[in-house]
Amino acid sequence: MAETDSSPLLSVHPSTCLVDEKFEVEVQHLPADSKITLHALIHSDDGDDWEAFGHYTSDSSGTVKVSRDKSLGGTFEGVEAMALLWSMRPVPESKPGRLFKKKNVQTPVKVVFSVHEGHLAKGFKHRTPLASASAERWYLAPDVQRVEVAERGIKGTLFIPPGSGPFPAVLDLLGGQGGRVEYHSALLASHGYVSLALEYIGLLNAAGKLQHMDNTYFETAFTLLKKHPKVCPDKVAVMGMSFGVPVTLGLTAYSEIMEPKCVICVSGSHIMPLKGSLADVYAALQQNVEKIRYDEKMRIIWRDLLLPIPVDPSKKVEMGKIKCPVLLIAGEDDQNWPASESAEDMKRMMEKAGNAHLLTVLSYPGTGHLIEPPYSPHARFSDFKLLEAKTKVMILWGGETAPHSRAQEESWQKTLAFLEEHLCDSSREVTPC
Amino acid sequence: MAALTRIPPLLLAPSMPPWGTPLAVAWMKNYHPLLKVIPWLTPPSSPPWTPPGRPSRSRASSCLNVSTQKRTCPILSVHPSRGLVDEKFRIVVTNLPPSHKVTLHSLLQTEDKDFWEAFGHYISDEHGTVTGTKYESLGGTYEGTEAMGLLWSMRPVPGSQQGLRIRKRDVLTPMVVHISVYSGHLSQGFSQKPPLATSVIERWHVAPGVKRINIREEEVQGTLFLPPGPGPYPGVLDLWGAGGGLVEYRSALLASHGFASMALDYFAPKGLRLQDVDISYFEKAYQILKNHPVVQSDHLAVLGLSFGSIITLSIVAYSDVIKPQCSVCINGSHLIPFDKNLFELIEEMKKNVDKLRVNEENQVIHRDVILTTPPDPPVKVDVGRIKCPLLLVTAGDDQAFPAVESAEDIEMMMEKAGNRHLLEVLTYPGSGHLIEPPCSPHFRATNFNLQLTKQKVIILWGGQTQSHAYAQEDAWNKTLAFLREHLYFN
């Protein structure tokens, strides 16, 4: 009953690695010049299936090498080593508006690769592949500690790299969409930084009502991180996204408690009333609620709520007061926040104030709002839970898959390089912690 | 393809990265009970977010432990941090002062709770970088440009028992290795000095998606490892040595490379005596593998090591049932045929028990027991009857079996019989008997239960560490290539 047909060999190397590492996918022992489809599938923690596929033709030795060969069609085209991951989209039977977010970072993302005969575009579930291979992609490197934090009102998760330390640290305000976002901090810790993933949107107060965290909350978090025995107190950076950006910039400019070594802002803006807080940003948005637009599929576009960029300096963070290096990452097709326009205005303000040498702007065409770690699937829109109204709406984030994925890859590399440059002392003058 | 209803696959347990650094704590506790373990090094089962009441003191004590040199923030990266045991990694240390002496150190705690370590001495370049794959180790447990020296040159830490060996029993969990970089050229005292940086890596015998299945059929006992995917796959019958028991790790690794591999427990497994293990036991095992729904019945190999090679040569030559597409024998011999049962085989070997030698270190040398075969003319396995390609892997310094001499004689016999074209011989000078998967430490002499005398001895396997490491890597690559050539239909 065993078959005597040829048995192609599918290999993924490395089969186990961090989510930001590249792999090599290769198929051997195919007939020469044969058409095959390479398919990748993730069954997410939320129970959704995501898939990507590429159409290939084997060479004269019966081999297909993804890093070398062109995909002739599928969810991506051309020579794309990692597109089997980043071009993933929900399978046709899925509910609309799904987003790929790993909540449990202590388990890996399991990817199943298969080789199918011919150039298929659907029905992968019902066909037996020629060969299969699995890979595990981790947000956590071995032995990174995960510690839940609930102290002095701070809610978050701390990730600590292995070793005696002390280490440089990052206060991670990636939770700008709401809830506890751990995967980003887990990945930073896997690269050697103690990282505190702070929960600050969607928290309820004692009465069970939604509260907007004031500036003291963020200052307390910064201090706690700074004082942790495994952290170098003068090597703490702050990284924010969405709502985290005005808070980061405001506190960096004005707070005497929050003095980061450097700051990274992704997909956000500096528009906030002078010395204001999160509550003020929300209020500003509410005032402009009539500026909400919709695309042809009735998905919500929020970017105009903060536009036009105010000329009045009292409505923006005084960028001239910032004394540490700033890295701004913006998608030019961000449909949720006016990140690109804000970046341009911040640059103008800093040039005027004379501290533009501290600024680096990474602006990516064709890139939307959700700039995630590399190789994560891109979602141009998704459903979103409105906190106050407790309803679900469909939000347009923006971006085209290929340029957005390239932006994710490049901006992550530049983020790590930026943190290394400013937090790890590479000068000959060695500073004790 | 037949339905897979017969097999209940034992799915891979989800792997969890270990919390905390219990290894570092255990090491320090075991090694230096006088060394106070700093509070924030304890595993975070209920971690103090800030150590209660003593934050400043614990930081000060950490600074005291650090060397008086001013500190940089060196970055140690090991890629990949999780991999198969035969995968290579890249170690890079950056942000050191230029021309700075450092020691790269590795530490492993085995399932038997022993500690093994290796280390190499390096000097950073003018940019303050050390790259393991490009730079030379100037001393330590290995020298020269050796990317994987931190694994294959491991040895038990000072103060350990004699004759230790590493054999992973639970292949579904990884070996966790702590890689650290220390300031200066150290050769000891690693537990007393805090490293500049540490990285933890996992080395796995199973790739994601490999399935482990217990085999208990008729009296045959073993474990089958299936590669990921639906199959069908070529199959390998994996025969370990006379150490006995069920040694799974090589089969797990073969499955990670695309072969359905069955590790067989044949040296008097539970419920069987040595007298009960005859050729039919192996034939039954072979049939189980061959008839398995996801194994390709005409793409099979038999792979043996040491005593398992003795068995392999006999069953492949004589059995009407065992007809693999190819076979591999590592450090075996044809000088003792297996034609009755294991008990008779050992009795035959016992006739030469006076040929056991002992060296000055009281280590037992076993090779002459097989080399001098009693009856005249000697009764050898008739290798002229072998009809499939045969790969012989032999170690030049094998002190347990006369592998090289046997290979030479096999070649002559096959030349005479006209099937020499099936034979391929690999000889590794300086290598010892235990040719394991790559990156395994070299075991020159270890504790062993000698069947011949029913005594616990220290048996000399032989080999010099660097040559042995090279042999392990090359032999494994060539074995995989050989299996692929003959088992994957092209």
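See above for the structure.
Residues numbered from 1 in each chain as written. Chains lettered and ligands numbered in written order. Predicted model: local features only at pLDDT ≥ 70, side-chain atom pairs only at ≥ 80, totals over all residues. Heavy atoms only, no water.

Engineer: Account for the overall build of chain A, with residues named and values stated.
Structural biologist: If you tally the helices and strands in chain A, you get seven helices and 21 strands. Computed over its C-alpha atoms, the radius of gyration of chain A comes to 23 Å, within 12% of the 22 Å expected for a compact globule of 433 residues. Dimensions along the principal axes, computed over C-alpha positions, put chain A at roughly 75 × 55 × 45 Å. Burial analysis of chain A (433 residues in total) assigns 62% to the buried set. For chain A, restricting intrachain contacts to residue pairs at least 6 apart in sequence, the fraction spanning at least 24 positions comes to 70%. (Helix = DSSP H or I, 4+ residues; strand = E, 2+ residues; numbered from the N terminus. Rg over C-alpha atoms; globule rule 2.2 N^0.38 Å. Buried < 20%, exposed > 50% of the residue type's maximum accessible area, 1.4 Å probe, protein only. Contact = heavy atoms within 4.5 Å.)

Engineer: Before we move on, could you go through the pattern of salt bridges and cite the residues and values that matter?
Structural biologist: All names here are of chain B. Inspection of every chain in the model, using the stated rule, returns 39 salt bridges over all chains. The residue arginine 250 makes a salt bridge to aspartate 238 at a minimum N-O spacing of 2.5 Å. You can see arginine 250 sitting in helix α4 (residues 249–256) and its partner aspartate 238 sitting in strand β12 (residues 233–239), a full twelve residues away along the chain. Residue arginine 250 shares its accessibility class with aspartate 238, and that shared class is buried. Two residues, lysine 355 and aspartate 354, come together in a salt bridge whose shortest N-O distance is 3.7 Å. Using a relative accessible area of 31% as the deciding quantity, one classes lysine 355 as partly exposed. (Salt bridge = Lys/Arg side-chain N within 4 Å of Asp/Glu carboxyl O.)

Engineer: So, the environment of aspartate 276 of chain B: which residues are in play, and what are the values?
Structural biologist: With respect to the helices, strands and loops of the structure, aspartate 276 of chain B is situated in the loop between β13 (260–265) and α5 (279–291). Put simply, aspartate 276 of chain B and phenylalanine 343 of chain B are 67 residues apart on the chain and 8.2 Å apart in space, counted from C-alpha to C-alpha.

Engineer: Before we move on, could you go through the packing of helix α2 (residues 183–190) of chain A against helix α7 (residues 401–423) of chain A and cite the residues and values that matter?
Structural biologist: Relative placement of two packed helices is described by the angle separating their axes and the distance separating the axes. Residues and elements named next belong to chain A. Look at α2 against α7: their axes get within 12 Å of each other, and the N-to-C directions meet at 55°. Classified by the angle between their axes, α2 and α7 sit oblique to one another. In terms of crossing hand, the pair formed by α2 and α7 is right-handed. On the side of α2, the interface is formed by His184, Leu187 and Leu188, while α7 contributes Trp412, Leu416 and Leu419. Partitioning the contact of α2 with α7 into residue classes produces five nonpolar, one polar and no charged. (Axes fitted to C-alpha atoms, helices over the stretch in contact; angles between N-to-C directions. Parallel < 35°, antiparallel > 145°, perpendicular 65-115°, else oblique. Left-handed = near helix turned anticlockwise from the far one by under 90°. Nonpolar A, V, L, I, M, F, W, Y, C, P; charged D, E, K, R; others polar.)

Engineer: Pulling in residues and values, what's your account of a positive patch on the surface?
Structural biologist: Residues and elements named next belong to chain A. Judged by side-chain charge, Lys95, Lys385, Lys390 and Lys392 come together as a positively charged surface patch. When you line up the elements, lysine 392 lands in strand β21 (residues 392–396). The exposed category is assigned to lysine 392, whose relative accessible area is 58%. (Patch = residues over 30% accessible without salt bridge, like charges linked within 9 Å, V, L, I, M, F, W, Y side chains within 5 Å. Areas by Shrake-Rupley, 256 points an atom, 1.4 Å probe, with all protein chains shown as cover. Lys, Arg positive; Asp, Glu negative; His and termini not counted. Charge placed at Lys NZ, Arg CZ, Asp CG, Glu CD.)

Engineer: Residues and numbers for the sheet that holds strand β19 (residues 423–428) of chain B, please.
Structural biologist: Residues and elements named next belong to chain B. The eight strands are arranged β10-β11-β13-β12-β14-β15-β18-β19 in an open sheet whose pairing can be described as mixed. Lying at the two open borders of the sheet, with one neighbouring strand each, are β10 (211–217) and β19. On average, adjacent strands in this sheet sit at an angle of 20° to one another, irrespective of strand direction. Against the sheet, helix α9 (residues 403–417) contacts β18 (390–395) and β19, and its axis sits at roughly 150° relative to β18. In the packing of helix α10 (residues 465–487) onto the sheet, the strands contacted are β12, β14 (295–305), β15 (326–330), β18 and β19, and the crossing angle to β15 comes to about 165°. (Pairing = 2+ DSSP bridges.)

Everything listed here is a matter of coordinates, which is why it stays silent on function.
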